[in-house]
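Tertiary structure, described
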Amino acid sequence: KSVSDLQHASVPDASGLVKPLKSAAAEAYLRGEGSLLDLCKKFKIRSETQLRDWITLYNKGHIDQGWVRKYEEHGLDGLTDRRGKRKPLEAMNEV
């Protein structure tokens, strides 16, 4: 879709901009389609800070959905952090 199509795709939110435009701009940045400044010009966004905030919110929504999916698939075990090397319980000591 073009930027114009996205701007008129649905009813504006409280900021006066439509959610598809926000998502498209955030996704374009995350795909590496341009710098913050380039994408602000392309999507007619007033400031880089505004786009950066949208990207943060976009990422937060996707991270939260990942947690929900893991919990639904595996319960509490799905949320366990398994990064790094694991020591047997006997090898652990208090600091």
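Higher on the page you've got the structure.
Everything numeric here is computed off the predicted structure, so don't read it as measured data.

**What about the pattern of salt bridges?**
In this structure the tally under the stated criterion is 2 salt bridges. Note that Glu 33 and Arg 31 form a salt bridge whose closest N and O atoms lie 2.6 Å from each other. When salt bridges with common partners are traced through the structure, they connect Arg 31, Glu 33 and Lys 42 into a single cluster.

**What about the nonpolar core?**
Within the largest apolar cluster, 14 residues are counted, with the highest numbers of intra-cluster contacts made by Ala 25, Leu 39, Phe 43, Ile 45, Leu 51, Trp 54 and Ile 55. Of all elements in the fold, only α2 (19–30), α3 (36–43) and α4 (48–74) reach the threshold of two or more residues within this core. For this core, the leading source of residues is α2, giving 5 residues.

**Details of a nonpolar patch on the surface**
Taken together, the side chains of Trp 67, Tyr 71, Leu 76 and Leu 79 define a hydrophobic patch exposed on the protein surface, amounting to about 490 Å² of accessible area. With respect to the element layout, Trp 67 can be found in helix α4.

Calculation criteria
Residues numbered from 1 in each chain as written. Predicted model: local features only at pLDDT ≥ 70, side-chain atom pairs only at ≥ 80, totals over all residues. Heavy atoms only, no water. Salt bridge = Lys/Arg side-chain N within 4 Å of Asp/Glu carboxyl O. Core = buried A, V, L, I, M, F, W, Y, C linked by side-chain atoms within 4.5 Å. Buried < 20%, exposed > 50% of the residue type's maximum accessible area, 1.4 Å probe, protein only. Helix = DSSP H or I, 4+ residues; strand = E, 2+ residues; numbered from the N terminus. Patch = residues over 30% accessible without salt bridge, like charges linked within 9 Å, V, L, I, M, F, W, Y side chains within 5 Å. Areas by Shrake-Rupley, 256 points an atom, 1.4 Å probe, with all protein chains shown as cover.

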